[in-house]
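# Understanding the architecture of this molecule
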Protein chains: 2
Amino acid sequence: MNAPLPRVSEGLVLPQPYLLFLGDTTEASFAKTAFGLAHWAPEQCVGEMALPGAKVSTGLAKITPAQARDAGAQSLVVGVANQGGVLGEGWIEALVEALDAGLHLISGLHVRLSSVPALVEAAKRNNRRLIDIRTPPSSLPVGTGRKRSGKRLLTVGTDCALGKKYTALALHRAFLARGLDADFRATGQTGIMIAGGGIPMDAVVSDFEAGAAEVLSPDAPPQHWDVIEGQGSIFNPSYAAVSLGLLHGSQPDVFVVCHDPTRKTILGLDGFDLPTIEEVVEMSIRLGSRTNPAIRCGGVSLNTSSLTAGEAHALLADEAARLGMPVADPVRGGAAFEALADACLA
Amino acid sequence: MNAPLPRVSEGLVLPQPYLLFLGDTTEASFAKTAFGLAHWAPEQCVGEMALPGAKVSTGLAKITPAQARDAGAQSLVVGVANQGGVLGEGWIEALVEALDAGLHLISGLHVRLSSVPALVEAAKRNNRRLIDIRTPPSSLPVGTGRKRSGKRLLTVGTDCALGKKYTALALHRAFLARGLDADFRATGQTGIMIAGGGIPMDAVVSDFEAGAAEVLSPDAPPQHWDVIEGQGSIFNPSYAAVSLGLLHGSQPDVFVVCHDPTRKTILGLDGFDLPTIEEVVEMSIRLGSRTNPAIRCGGVSLNTSSLTAGEAHALLADEAARLGMPVADPVRGGAAFEALADACLA
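Within chain A, the secondary structure is distributed over eleven helices and eleven strands. Taking 346 residues into account, the globule formula puts the C-alpha radius of gyration at 20 Å, and chain A, at 20 Å, falls close to it. By principal-axis analysis of the C-alpha atoms, chain A measures approximately 60 × 45 × 45 Å. Each of the 346 residues in chain A was classed as buried or not, and the buried ones make up 57%.

This is the structure:
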C-alpha cells in the first residue's frame, strides 16, 4: 500500500495472516487495532479470539488458536490497547495457548511481550517469536524545523481513537485513485501493522518527538504527498505532547480535523469536555504555522458510526454549511468524501 | 534545598564535591549545567576543567582531575550539553583521565556514559562509577488531568536555555524567605544535580510526558507551593512536545514567562523568530487552562545578563509598564524581583 520506509526496524517482516486477539475489552474505542486490521487488511485476518467478558467483535469468525493455525494463521496480534498500554493479567494464559498452538505473537503495547516470563518461556518452548512493534528507531535526531520538499497532509483530532488513522488511510487511497504519487505514513501500532513500516510516535522520547516526525516524512518530489496518521489531540490532557511534536515535525500543508459527534468528553477521563472542531482548526493553524506558515484546514472527517445513514448525511450537510468547509465520513464515502479529498488537494 | 521526592532513582546519592567539565564549548548557552552548579551549589564545586578551544568559564579555578582529587573532589560532572545531548569525540580522553585520577563521572546527556567502551573500561579499572542522571523512573503513568491539592508555579519561556531553571530556583528561595512551605521541582539535568532529585522530562517517552509531570508535583497541603522548573518552549520547533506535556501535567496556578531580550531567533535554529512575551502569555493560558482553568501569569523574568545595570533597570521598568505586570531579572534581584514573587503569590 505504501513505500516501506522507514521500517520499524531493519528487516522487520510480520508473519501473516493473523488471529486477532480482543482480550476482555468492553469498549470499542480500545479495540481500534483489531478493527483497523479487519477493515484495511482483511485478507490477513483469519478470525478473532476474545476472553469471557469481552463486549466487542470485529465480525470475523470466533476461533481458537489451534483453529486459526489450521486455517493458516502465522501470528496472534494483540488487537486491543488499554490506557497505558499494559498487558491484562487475564490475557497471559490465552497468549501462552496461542504460542503452544504454533502462533507467533505481535503486540504494539507499551509493555513488551518479552518482559513477561511466561511468554518468553512459551515462545522458547515452541520456537515462536515475540514481536513488539512499538519500538522506535534507535537513533532519532532532534527536530530542526527545516522545510522539506514534497507535500504533506496530517490528520488531527478533537480526541484520540475517533478516526485519524482511518481518515488518513482513506485519503491516501483517494489520492492514489486520482493518480497521485502518495505514501501513507503510519504513526501507531495498527497503522504500522497495516503498512509494514512507520514510527510509533507515542513511544518516542519527548526530546526527539518532532525529530521523529521529520524522519517519518522525508524530502520527496515536489508533487508527492505524504498522508500522515495523526495521534491524540492537542486538547487531550494525557497525550498532547505527542500531538504537538507530530504537528511541528510533520509541517503539514493541509490538515483534516477528525471528530466523533457523539463523544462529549475525552475518552477515559472524567470532567474534560471535547474541544469544538473550530477550536481544533484554530489551534492547529496557530501551532502548526510555526513550522509551516502556509498550513490550512482541508476539511473535517466525522465518525458517524453510531448514527443511521439518514442522520449521518443530514449531519454532514449541516456541519459543512455551518463550518463552510467539506465535511465527510470516509467510512460512508460518497460525494462528500470525494469533495473533502479534492479540497485537501486544492 | 528541597524535599528529596521523587528521587531520580531509588537510593541515588551523587558523590560530591564536583569538578566541572566544560568540554570544548564555545557558546555559554550550552554550558548551563556548569553555570547552574557554580551558582546554586558553589560549596559542591572545587574547580573547572576545559579543553583547548573552549570559550566559556564559570570563573572557578582551572584545575586538572588530579588537582581536583587532591582538593577533595569525588566526581567530574559533564557540565555542558550540545544539541542532541551527545558526548563530544574529543572529550573521551579527558574523561578517562578523570577516572584514572580517581573521580566518578556524572552526566545528564542523552548518550549514556556506559555506552562508551573506553569509559566503561576505565571506570572498571579504577573502581569508579558512571552515573547517568538522565534516566526517568521506570514506571511512569499516563496523565489523568486530575486536579491535585496544593499550589503550583511553572516557569515557561520564549525559548530554551534563557533562565527558566534559574528563575524557579530564585522564586523558590524567595518563597522560603517569606516563610512559605515550598519545594523546587527539578526537570532537567542541572536542576536534578542541584536538588538531588526530580524527573528528566526530556528523556521521558512522549506518551507519559504529562503523567511524569503529574508524578513530579504530587498532592500537597493546600498552602504548599511546588515551584517547577520549565523546559523548552511551546514555540520551539524542536522541543515543544516536552513543554506542552509539562504544562498540562504541572497544571500550574501561576506561570512566569522567561525571556532573553537580546535573543532574536530560536537557539541553534536558523529562520525561527523568537515569539513575543505576549504570545507566550496568551498561548500558555490557552493551553494551560485545559488542566487548570484558573491559570494566570504572575509576571516576566528577563535575562539581562548581556546588558549594563543601567540598561537592565531601564528595560525592566519599560517592560513592566508596557506589559502591565511585574518584570524582573532574578539575577539582579531587588524590589522588582520581590514584586514579581509577591505577584505570583497574590
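Time to look at helix H1 (residues 32-40) of chain B. All names here are of chain B. Burial of H1 is extensive: eight of the nine residues sit out of reach of the surface. Among the residues making up H1, those that are buried are Lys 32, Thr 33, Ala 34, Phe 35, Gly 36, Leu 37, Ala 38 and Trp 40. Buried residues along H1 sit in contact with strand S1 (18-21), strand S2 (45-49), strand S3 (75-78), helix H5 (164-177) and helix H6 (189-195).

Right, let's get into the sheet that holds strand S1 (residues 18-21) of chain A. Residues and elements named next belong to chain A. Taken in spatial order, the five strands make up an open sheet running S2-S1-S3-S4-S5, and their pairing is parallel. The two strands at the open ends of the sheet, each matched to only one other strand, are strand S2 (45-49) and strand S5 (130-132). The sheet shows a mean angle of 25° between the axes of neighbouring strands, direction not considered. As paired elements, strand S3 (residues 75-78) and strand S4 (residues 104-107) share three bridges and run parallel to each other. The residue of S4 that forms the bridge with Val 77 is Ile 106.

Residues and elements named next belong to chain A. For chain A, the domain assignment lists domain 1 (18-132) and domain 2 (151-345). Each of domain 1 and domain 2 has a C-alpha centre, and these two points are 27 Å apart. Between domain 1 and domain 2, the contact holds eleven residues from the first and eleven residues from the second. At five residues, helix H1 (residues 32-40) tops the list of elements feeding residues into the side of domain 1 that touches domain 2. Residues of the side of domain 1 that touches domain 2, tallied by class, amount to four nonpolar, six polar and one charged.

Residue and element names in this part refer to chain A. Here we have six strands laid out as an open sheet, ordered S7-S8-S6-S9-S10-S11, and parallel in their pairing. Two strands close off the open sheet at either side, each with one partner strand: strand S7 (182-185) and strand S11 (327-328). Where strand S10 (residues 296-302) and S11 come together, two bridges link them in parallel fashion. In the sheet register, Val 300 faces S11, and the bridge partner there is Val 327. In the packing of helix H11 (residues 334-345) onto the sheet, contacts are made with strand S6 (151-157), strand S9 (254-259), S10 and S11, and the angle to S10 comes to roughly 160°.

Expressed as a screw transformation, the operator carrying chain B onto chain A has a rotation angle of 180° and an axial translation of 0.0 Å, and the superposed copies differ by an RMSD of 0.1 Å. One copy is carried onto the other by what is essentially a two-fold rotation axis. Of the interface residues in chain B, 100% have counterparts in chain A that sit at the interface too, so the contact is made through matching surfaces.

All right, on to the pairing of S7 of chain A then. Residue and element names in this part refer to chain A. Where burial is concerned, the two faces of S7 agree: the one with Ala 182 and Phe 184 and the one with Asp 183 and Arg 185 are both buried. Bridge analysis of S7 against strand S8 (residues 225-228) gives four bridges, and the strand direction is parallel. Opposite Phe 184, over in S8, you have Val 227 as the bridge partner.

Quick look at the packing of helix H7 (residues 209-216) of chain A against helix H8 (residues 240-250) of chain A now. Two numbers describe a pair of packed helices, the interaxial angle and the distance between the axes. Residues and elements named next belong to chain A. At a minimum axis distance of 7 Å, the contact between H7 and H8 shows a crossing angle of 45°. In terms of orientation, H7 lies oblique with respect to H8. The two elements H7 and H8 cross, and the hand of that crossing is right-handed. Between H7, through Glu 209, Ala 210, Gly 211, Ala 212, Ala 213 and Glu 214, and H8, the contact on the second element is made entirely by Ala 241, Val 242, Gly 245, Leu 246, His 248, Gly 249 and Ser 250. Class assignment of the residues belonging to the contact of H7 with H8 gives a composition of six nonpolar, five polar and two charged.

Counting residues at the interface gives 31 residues for chain B and 31 residues for chain A. For the side of chain B that touches chain A, the elements supplying multiple residues, two or more each, are helix H7 (209-216) and helix H8 (240-250) of chain B. When residues in the side of chain B that touches chain A are grouped by element, the largest group, six residues, is from H8 of chain B. Across the side of chain B that touches chain A, the residue classes tally to 16 nonpolar, eleven polar and four charged.

Attention shifts here to the packing of H8 of chain A against H8 of chain B. It is at 8 Å that the axes of H8 of chain A and H8 of chain B come closest, and there the two elements cross at 155°. By the criterion of interaxial angle, the relationship of H8 of chain A to H8 of chain B is roughly antiparallel. Every pair of crossing elements has a handedness; the one defined by H8 of chain A and H8 of chain B is right-handed. Contacts between H8 of chain A and H8 of chain B involve Ala 240, Ala 241, Val 242, Leu 244, Gly 245 and His 248 of chain A on the former and, on the latter, Ala 240, Ala 241, Val 242, Leu 244, Gly 245 and His 248 of chain B. Of the residues contributing to the contact of H8 of chain A with H8 of chain B, the split by class is eight nonpolar, four polar and no charged.

A few words now on the environment of Leu 103 of chain B. Its location among the elements puts Leu 103 of chain B in the loop between helix H3 (92-100) and strand S4 (104-107). Leu 103 of chain B sits 157 residues away from Asp 260 of chain B along the chain, and the two C-alpha atoms are 36 Å apart.

Here we come to the pairing of S4 of chain A. Residue and element names in this part refer to chain A. Burial of the side chains of S4 extends over both faces: His 104 and Ile 106 are buried on one face and Leu 105 and Ser 107 on the other. By the bridge criterion, three bridges tie S4 to S5 in an arrangement that is parallel. The residue bridging Leu 105 from the neighbouring strand is Leu 130, located in S5. Taking the sense of rotation as the criterion, the β-α-β connection linking S4, helix H4 (residues 117-126) and S5 turns out right-handed.

All right, on to helix H10 (residues 309-323) of chain A then. With 15 residues, H10 of chain A should cover 21 Å at 1.5 Å per step; its first-to-last C-alpha distance of 21 Å lies within 8% of that length. Positioned one or two residues after H10 of chain A, Gly 324 of chain A has a phi angle of 70°, which is positive.

Right, let's get into unusual backbone geometry. Residue and element names in this part refer to chain A. In this model, Gln 16 is joined to Pro 17 through a cis peptide bond whose omega is 0°. Relative to the helices and strands, Pro 17 resides in the segment before S1. One non-glycine residue, Gln 251, adopts positive backbone phi at about 40°. Within the fold, Gln 251 resides in the loop between H8 and S9. The exposure class assigned to Gln 251 is buried, which follows from the 26 C-beta atoms found within 10 Å.

It is worth spelling out the environment of Asp 132 of chain A at this point. Residue and element names in this part refer to chain A. Relative to the elements of secondary structure, Asp 132 occurs in strand S5. Look at Asp 132 and you get buried, because 22 C-beta atoms sit within 10 Å. Between the alpha carbons of Asp 132 and Ala 346 there is a distance of 39 Å; along the sequence they are 214 residues apart.

This brings us to the environment of Val 204 of chain A. Relative to the assigned elements, Val 204 of chain A resides in the loop between helix H6 (189-195) and H7. Judged by local crowding, Val 204 of chain A falls into the buried class, with 28 C-beta atoms found within 10 Å. Between the C-alpha atom of Val 204 of chain A and that of Ala 317 of chain A, which follows or precedes it by 113 residues, the distance is 39 Å. The residues touching Val 204 of chain A, leaving out its near neighbours within four places in the chain, are Pro 136, Leu 140, Ile 199, Glu 209 and Ala 212 of chain A together with Val 205 and Ser 206 of chain B.

Parameters and conventions
- Residues numbered from 1 in each chain as written.
- Chains lettered and ligands numbered in written order.
- Predicted model: local features only at pLDDT ≥ 70, side-chain atom pairs only at ≥ 80, totals over all residues.
- Helix = DSSP H or I, 4+ residues; strand = E, 2+ residues; numbered from the N terminus.
- Rg over C-alpha atoms; globule rule 2.2 N^0.38 Å.
- Buried ≥ 20, exposed ≤ 12 C-beta atoms within 10 Å, placed from the backbone.
- Contact = placed C-beta atoms within 7 Å.
- Pairing = 2+ DSSP bridges.
- Axes fitted to C-alpha atoms, helices over the stretch in contact; angles between N-to-C directions.
- Domains from an automatic or database assignment.
- Nonpolar A, V, L, I, M, F, W, Y, C, P; charged D, E, K, R; others polar.
- Least-squares fit on C-alpha atoms with pLDDT ≥ 70 in both.
- Parallel < 35°, antiparallel > 145°, perpendicular 65-115°, else oblique.
- Left-handed = near helix turned anticlockwise from the far one by under 90°.
- Right-handed = clockwise from strand over helix to strand, strands pointing away.
- Expected span 1.5 Å × (residues − 1).

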